[in-house]
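# Chains, contacts and geometry: an overview
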Amino acid sequence: MTSEPTQAVHGWQFVRAKKWLILVISAAMIVPCLWHRHIEAGDLGSHVYNAWLAQLIEKGQAPGLYIVRQWNNVLFDWLLLHTANIVGFAAAEKIVVSLCVLVFFWGVFSFVSAASGQPPWFLTPAIAMLAYGYAFNMGFLNYYLSLGLASFSLALLWRGRELQRLVGLLIVPLVLLAHPIGFLWLAGAALYVALWTKLPSWSKLVVPTAAPVFLFAVRSYLMHQTRFPVDWVHDPFYLMTGADQLTLYGQRYVVLGWIAFVFAAICLVAEVISRKRDVSFWQSVRLPASLYFVAVVAVAMMPENLRPSITGGWIGLLASRLTAISAIFGLCLLACLKPRKWHLAGFAACAIVFFAFLYQDTVKLSRMEATAESLVSRLPPGTRVIATIWAPPGSRISFIGHFADRACIGHCFSYANYEPSSGQFRIRATPGSPIVSASDDDTEDMQAGEYDVQDEDLPLMEMYQCDENDLTKLCIRALASGEKNGRLGYKPPAN
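Presented here is a report on the structure given in the accompanying data block. (Residues numbered from 1 in each chain as written. Predicted model: local features only at pLDDT ≥ 70, side-chain atom pairs only at ≥ 80, totals over all residues. Heavy atoms only, no water.)

### Details of the overall build of the chain
Here is the rule: By the criteria applied, helices consist of DSSP H or I runs no shorter than four residues and strands consist of E runs no shorter than two, each listed in order from the N terminus. The globule rule used for comparison is 2.2 Å times the number of residues to the exponent 0.38, while the radius of gyration itself is calculated over C-alpha atoms. For the exposure calls, accessible area comes from a 1.4 Å probe over protein chains only, and a residue counts as buried if that area is under 20% of its type's maximum, exposed if over 50%, partly exposed in between. Here the open area of atoms and residues is found with the Shrake-Rupley method and a 1.4 Å probe, where only the protein chains shown may cover a residue. Counting rule for charge: Lys and Arg are taken as positive, Asp and Glu as negative, and neither His nor the chain ends is counted. Taken as the charge centre is NZ of Lys, CZ of Arg, CG of Asp or CD of Glu, depending on the residue.
Check the secondary structure of the chain and you find 18 helices and eight strands. For 495 residues, the compact-globule estimate of 2.2 N^0.38 gives 23 Å, and the chain sits close to it at 23 Å. In terms of its C-alpha atoms, the chain occupies a principal-axis envelope of roughly 75 × 45 × 45 Å. Residues classed as buried in the chain amount to 56% of the 495 residues present. Summing over all exposed atoms, the chain offers an accessible surface of approximately 21600 Å²; the carbon and sulfur share of this is 66%. Between the centroid of the 37 positive side chains of the chain and the centroid of its 33 negative side chains there is a distance of 15 Å.

### Some points on the packing of aromatic side chains
What counts is decided by this rule: Any two rings among Phe, Tyr and Trp, with Trp reduced to its six-membered ring, count as a pair given centres within 6.5 Å; such a pair is stacked if its planes are under 30 degrees apart, edge-to-face if over 60, and tilted if neither. The criterion for a charge sitting over a ring is simple: Lys NZ or Arg CZ within 6 Å of the ring centre, and within 35 degrees of the ring normal.
In total, this model carries 27 aromatic pairs according to the counting rule given. Their ring planes at 65° and their centres at 5.2 Å tell us that Trp-106 and Phe-109 sit as a pair that is edge-to-face. One end of the pair is Trp-106 and the other is Phe-109, both in helix 5 (residues 89-116) and three residues apart, which spans about a single turn. Three or more aromatic residues joined by ring pairs make a cluster, and in this case those are Phe-104, Tyr-132, Phe-136, Tyr-144, Tyr-249, Tyr-253, Phe-354, Phe-355 and Phe-357. The lysine or arginine in question, Arg-252, covers the ring of Phe-357, its NZ or CZ lying 4.1 Å from the ring centre. Lying over the aromatic face of Tyr-415, Arg-384 brings its terminal NZ or CZ to 5.3 Å of the ring centre.

### Structural notes on the packing of helix 3 (residues 44-58) against helix 4 (residues 75-87)
Quick reminder of the rule: Lines are fitted to the C-alpha atoms to define the axes, a helix being fitted only along its stretch in contact, and any angle between axes, read from their N-to-C directions, falls within 0 to 180 degrees. Should an angle fall under 35 degrees it is taken as roughly parallel, and over 145 as roughly antiparallel, whereas 65 to 115 is taken as roughly perpendicular and any remaining angle as oblique. By convention the crossing between two helices is left-handed if the near helix lies anticlockwise of the far one by an angle smaller than a right angle, and right-handed if it lies clockwise. Any two residues whose heavy atoms approach within 4.5 Å are treated as being in contact. Residue classes follow a fixed rule: Ala, Val, Leu, Ile, Met, Phe, Trp, Tyr, Cys and Pro count as nonpolar, while Asp, Glu, Lys and Arg count as charged, and any other residue, Gly among them, counts as polar.
As a packed pair, helix 3 and helix 4 sit with axes 9 Å apart at the nearest point and diverge in direction by 60°. Here helix 3 is positioned oblique relative to helix 4, judged by the angle of their axes. The two elements helix 3 and helix 4 meet at a crossing, and its hand is right-handed. For the pair formed by helix 3 and helix 4, the contact residues are Leu-44, His-47, Val-48, Ala-51, Ala-54, Gln-55 and Glu-58 on the first element and Phe-76, Asp-77, Leu-80, Leu-81, Ala-84 and Asn-85 on the second. Along the lines of polarity and charge, the residues of the contact of helix 3 with helix 4 split into eight nonpolar, three polar and two charged.

### A closer look at the packing of helix 6 (residues 124-131) against helix 14 (residues 318-334)
At their nearest, the axes of helix 6 and helix 14 sit 11 Å apart, and the two run at 175° to each other. Our classification of the angle between helix 6 and helix 14 gives roughly antiparallel. Side by side, helix 6 and helix 14 meet where Ala-126, Ile-127 and Leu-130 of the first sit next to Ala-324, Ala-327, Ile-328 and Leu-331 of the second. Its residues placed into classes, the contact of helix 6 with helix 14 shows seven nonpolar, no polar and no charged.

### Some thoughts on helix 5
Applicable threshold: What a helix should span is 1.5 Å times the count of its residues minus one.
End to end, helix 5 covers 40 Å across 28 residues, agreeing with the expected 40 Å (1.5 Å per residue, within 8%). With respect to burial, helix 5 is a largely interior element, 22 of its 28 residues being buried. Remark: Gly-117 follows helix 5 within two positions and exhibits a positive phi of approximately 80°.

### Some words on unusual backbone geometry
In the segment running from Leu-458 into Pro-459, the intervening peptide bond is cis, with an omega of -5°. Here Pro-459 shows up in the loop between helix 18 (440-448) and strand 7 (460-465). Located in the positive-phi region is Asn-73, a residue other than glycine, with phi close to 60°. Along the polypeptide, Asn-73 turns up in the loop between strand 1 (65-67) and helix 4. Note on Asn-73: relative accessible area 10%, which makes it buried.

### Describing the sheet that holds strand 8 (residues 474-478)
Rules: Two strands qualify as a pair provided that DSSP identifies no fewer than 2 bridges between them.
A sheet is described by the order of its strands in space; here four strands give the open sequence 5-4-7-8, paired in mixed fashion. Each end of this open sheet is capped by a strand with a single partner; those strands are strand 5 (412-414) and strand 8. The average angle at which neighbouring strand axes cross in this sheet is 30°, direction not considered. Inspection of the sheet shows strand 4 (residues 383-388) paired to strand 7 by five bridges, in the parallel sense. Across the sheet, Arg-384 pairs through a bridge with Leu-460, a residue of strand 7. Where helix 15 (residues 341-377) meets the sheet, it contacts strand 5, strand 7 and strand 8, and its direction lies at approximately 30° from that of strand 8.

### A word on a nonpolar patch on the surface
Convention followed: Patch criteria: residues need more than 30% relative accessible area and no salt bridge. Like-charged residues are merged within 9 Å; nonpolar side chains of Val, Leu, Ile, Met, Phe, Trp and Tyr are merged within 5 Å. By definition here, a salt bridge exists when the distance from a side-chain nitrogen of Lys or Arg to a carboxyl oxygen of Asp or Glu is within 4 Å.
A surface patch of nonpolar side chains, amounting to about 770 Å² of accessible area, comprises Phe-237, Tyr-238, Leu-239, Trp-258, Phe-261, Val-262, Ile-266 and Trp-342. In terms of residue count, helix 12 (residues 251-274) provides more of the nonpolar patch than any other element does, four residues in total. Using a relative accessible area of 41% as the deciding quantity, one classes Trp-258 as partly exposed.

### Comments concerning the pairing of strand 7
Put simply, side chains in a regular strand alternate between the two faces of the sheet. Within strand 7, six of the six residues are buried, leaving the element largely enclosed by the surrounding structure. Burial of the side chains of strand 7 extends over both faces: Leu-460, Glu-462 and Tyr-464 are buried on one face and Met-461, Met-463 and Gln-465 on the other. With five bridges joining them, strand 7 and strand 8 adopt antiparallel strand pairing. By the bridge assignment for strand 8, Glu-462 is matched with Arg-477.

Structure representation (structure tokens):
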């Protein structure tokens, strides 16, 4: 992978020259991981809980559960389990998630540097917000880690020297171990850049033209096949520009996301006006602009959910998580601008507000988890628990209830744990397991509060939000055979 001549940024030389600045920024980046007793990030609670189950399986203490060999969607879970074996789960969670944040932040920083030819210091607040955006707060940690590693790999392959490119190639298997979407992005972006740089002059337009045609063909196939269900309902693509990664726990994030997007557009327009006759500027932005265009088109073409196996789990929130890639390409475009102090000031102001909002909302989740821990600590060891806990209206982070899984570690079993039945993770369940349901449809119904309790499920407890006026208040009760588990407590109105 090569490109037009530009100011190269070489890895170790850069690190040595900026080591103190890198250390300061890295220390600041992990602060949100240390805010609370646990990191409140959606599905993370489920990952930690399943790492604990993996420990029990290795000790022969988890009847009906087993571990399969799997070569994707596992890297974060491996790191978490092996670190927990040494330092325990509380410390392992902080260490491994902090590592993922740093890999994502500096991976994106490196890739944006490679795309623009200059270190994007003025964009560090924007990269920081993306690092703690939708993908992180939903707890998609394998996917999140794969994007960070893929960004590093792309940067090294694009601008690195011989040894650095070898390191970039060695990272590729780790990307696949983390998540297949990161691997596909790495392969697609590398191919796109390679074709772009080899094609002469105006024939480069073939690349951004061919990519949407290919994406349209994929969409057409998915729309017309009948072997598995596909869900196309998601926000219009023009609302999923990458700035939507800042939309988390309510409407105020939507406003902030639009402010950040409009400010970025103002920066770009101002640069275009001031450098409209600068040929080098137009040459530098062509590739990042085309990458961003293709990424936004990809979001428009992709479904939100699909279920390749009728007995397995859904691949969910596909379009919503892909906008993280759109945001990365958008940052590549912004990094081509001539850095100005007002750019840094504007993005820093957005970041201050964003992290203030994030602290306020995660403090509530931390308090809820403390309540959940108190409730399950009173139960007999090994009790089966179902949690029907809903995000407040307007929140995009729908997986907040997984803190109840983490609260069960050492006390109880999360009977609605979706990972074993989904077939997408390395822990699997056999029918009749006393620890978790082996049916993906049943676990979905349990989490939705639509499950009819069977005799063989008992004894079974339900943790739920018992005050519709205060959704942070939790209660726990015993379920009876024949009743629906979501019968009592708060339940959001049907769409």
